[in-house]
Amino acid sequence: MISLAIDETIARAVEVLRENDQGTYTIPTKGLYPFQWNWDSCLTALGLAHYDEARAWTEIDTLFAHQWPDGMVPHIVFHVWSDGYFPGPEVWRTNRPTATSGITQPAVAGFAVRRLFDRAKDKTLAVERARALLPKIDAWHRWFYENRDPNGEGLVAIIHPWESGRDNSIDWDDAFERVPTEGVEPYTRRDILHADPAHRPTKAQYDRYIWLLQHFRGLGWDNARLHDASPFQVVDPGFNAILIRSAADLADLAETLGEKDIANANRARAEKGVAAMERLWSDAHGQYICFDRVAGKLVDSASVGGFLPVFAAIPESRAAAIAATIERIAGKAHYIVPSHDPGDARFDAKRYWRGPVWLVVNYMIADGLAAAGHSQMAQRITQSSLDLIAESGFAEYYDPLSGEPLGGSRFTWTAAMVIEFLKGRG
Ligand code: GLC
């Protein structure tokens, strides 16, 4: 890309961020997602920092201001009233001072905060804000291992597909069969008012999402009970990799700031997690796959969640195998990285997390591949991401075969990732 085009693209991305900026937090997009989402905010902060560092720190501070007393950081904070989204606060009923959902999302805050800190021009501000966030992020990490890894295996389980951030992935299909639908209260979906139903989850899936929510609500959102009581407990390699990377990054940051105990605890979590991740490796797929904790078996599903472990310090041989698998998959798609293997009969190029490309996932995979020495593949992923926005704008996700923009438009974290791809390398 010529430099004028780069400046223009960045200016357009900044426009999207400004449009969705609510002052102290950013919404993912107008209409479809009118509140603050957990991992959206953390990744968005990286984009904000390129033009306003103080605002970037505030994005993460606002999220953590709504951390639960037990350490969990909820996946949505309902700062304002809006009837545009289902399920809203009246369904979750979590009894928090500001309404929040009752489940969590990928723990990318540790990574984001370290990256903000390392790049900060205003070091005084960075030290002050990072120091305040350190114990909060550490508490969230502790919460994960205490509540979602009851047998101390080193890997945590998600108890609802929405926690994964890859909401509708094929990875959850088998385990989802076990989730009942009886007793689901009548509801009206709002997502299909804002996006094409053919790109969104089916009614059968939605019923199960809501069944789980009602089940957890019936247990008073008591995290000490939810994991064991959930018929859905899946160990997702992508989710764990993000947590492991954040633990390692938090350890480094804590070291720099002289917080020895936080550093040691997070270093230990990261090391144990990387070793345990080996159990999720599949030679047949050349990538990691999920483990269904209730059924006690690996899930035969080759999704992008199994590439994300390159974002953590996995063995070199594993990173090399993943680079080769992405190369193979690239031969079946025009744009990479599809969220599912296009060679699988269940692949769907347009439906939410069952095939489409997401730029946030591309960003984390490219970051990990570059760090592991696979800069060519990292560069290909970056280029594919930039091609997509050049051709189709700042969409929520994209068809990997046609490049068509899908889901919501003028999407915040897509814009943030574009700024990162174009400016973040320096
Ligand atoms: C969808 C995505 C999730 C994201 C949210 C807001 O639910 O699956 O990962 O956080 O939208 O963008």
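All values derive from a computational prediction rather than experimental measurement. (Residues numbered from 1 in each chain as written. Predicted model: local features only at pLDDT ≥ 70, side-chain atom pairs only at ≥ 80, totals over all residues. Heavy atoms only, no water.)

Trainee: Tell me about the nonpolar core, residues and numbers included.
Mentor: Core analysis: the largest hydrophobic core is formed by 144 residues, its most contacted members being L43 and I365. Considering each element in turn, this core owes the most residues, 10 residues, to helix α6 (residues 123-148). Those residues within four positions of I365 in sequence are excluded, and the remaining contacts are V304, F307, L308, V310, I326, V337 and I381. (Core = buried A, V, L, I, M, F, W, Y, C linked by side-chain atoms within 4.5 Å. Buried < 20%, exposed > 50% of the residue type's maximum accessible area, 1.4 Å probe, protein only. Helix = DSSP H or I, 4+ residues; strand = E, 2+ residues; numbered from the N terminus. Contact = heavy atoms within 4.5 Å.)

Trainee: Requested: an account of the sheet that holds strand β6 (residues 291-292), with residues and values cited.
Mentor: Strand order in the open sheet made by the 3 strands is β3-β6-β7, with antiparallel pairing throughout. Each edge of the open sheet carries a strand with a single partner, namely β3 (234-235) and β7 (297-298). Of the strand pairs in this sheet, β3 and β6 are connected by 2 bridges, and their pairing is antiparallel. What sits directly across from V234, in β6, is D292. (Pairing = 2+ DSSP bridges.)

Trainee: Explain the site of the ligand to me, using residue names and the numbers behind them.
Mentor: In the vicinity of the ligand lie 13 residues, with D40, G165, D167, Y352 and W353 positioned nearest. Between the ligand and D40 there is a distance of 2.6 Å, counted from an oxygen atom to a side-chain nitrogen or oxygen. Coverage of the ligand by the protein chains reaches 97% of its 310 Å² of free accessible surface. Each residue belonging to the shell around the ligand can be placed in one class, and the counts come to 8 nonpolar, 2 polar and 3 charged. (Near = heavy atom within 4 Å. Polar contact = N/O pair within 3.5 Å; in protein donor to acceptor, adjacent residues only side chain to side chain. Areas by Shrake-Rupley, 256 points an atom, 1.4 Å probe, with all protein chains shown as cover. Nonpolar A, V, L, I, M, F, W, Y, C, P; charged D, E, K, R; others polar.)

Trainee: Residues and numbers for the packing of helix α12 (residues 237-256) against helix α13 (residues 260-277), please.
Mentor: Direction vectors running N to C along α12 and α13 enclose 150°, while the axes themselves pass 8 Å from each other. Taken together, the axis directions place α12 and α13 in an arrangement best described as roughly antiparallel. Of the two elements, α12 crosses α13, and the hand of that crossing is left-handed. Contacts from P237, N240, A241, I244, A247, A248, L250, A251, D252, A254 and E255 of α12 reach α13 at K260, I262, A263, N266, R267, R269, A270, G273, V274 and M277. Per-class residue counts for the contact of α12 with α13 are 13 nonpolar, 3 polar and 5 charged. (Axes fitted to C-alpha atoms, helices over the stretch in contact; angles between N-to-C directions. Parallel < 35°, antiparallel > 145°, perpendicular 65-115°, else oblique. Left-handed = near helix turned anticlockwise from the far one by under 90°.)

Trainee: So what about helix α10 (residues 203-218)? Which residues, and what values?
Mentor: Here α10 is 16 residues long and its end C-alpha atoms lie 22 Å apart, about the 22 Å a rise of 1.5 Å per residue gives. For α10, a buried count of 12 out of 16 residues is recorded, marking the element as mostly surrounded by other parts of the structure. Residues of α10 that are buried include every one of Q205, Y206, D207, R208, Y209, I210, W211, L212, L213, Q214, F216 and R217, and no others. Buried residues in α10 make contact with α4 (89-92), α7 (161-164), α8 (173-176), α9 (191-194) and α11 (223-229). In the segment just after α10, G220 is the residue with positive phi, at about 65°. (Expected span 1.5 Å × (residues − 1).)

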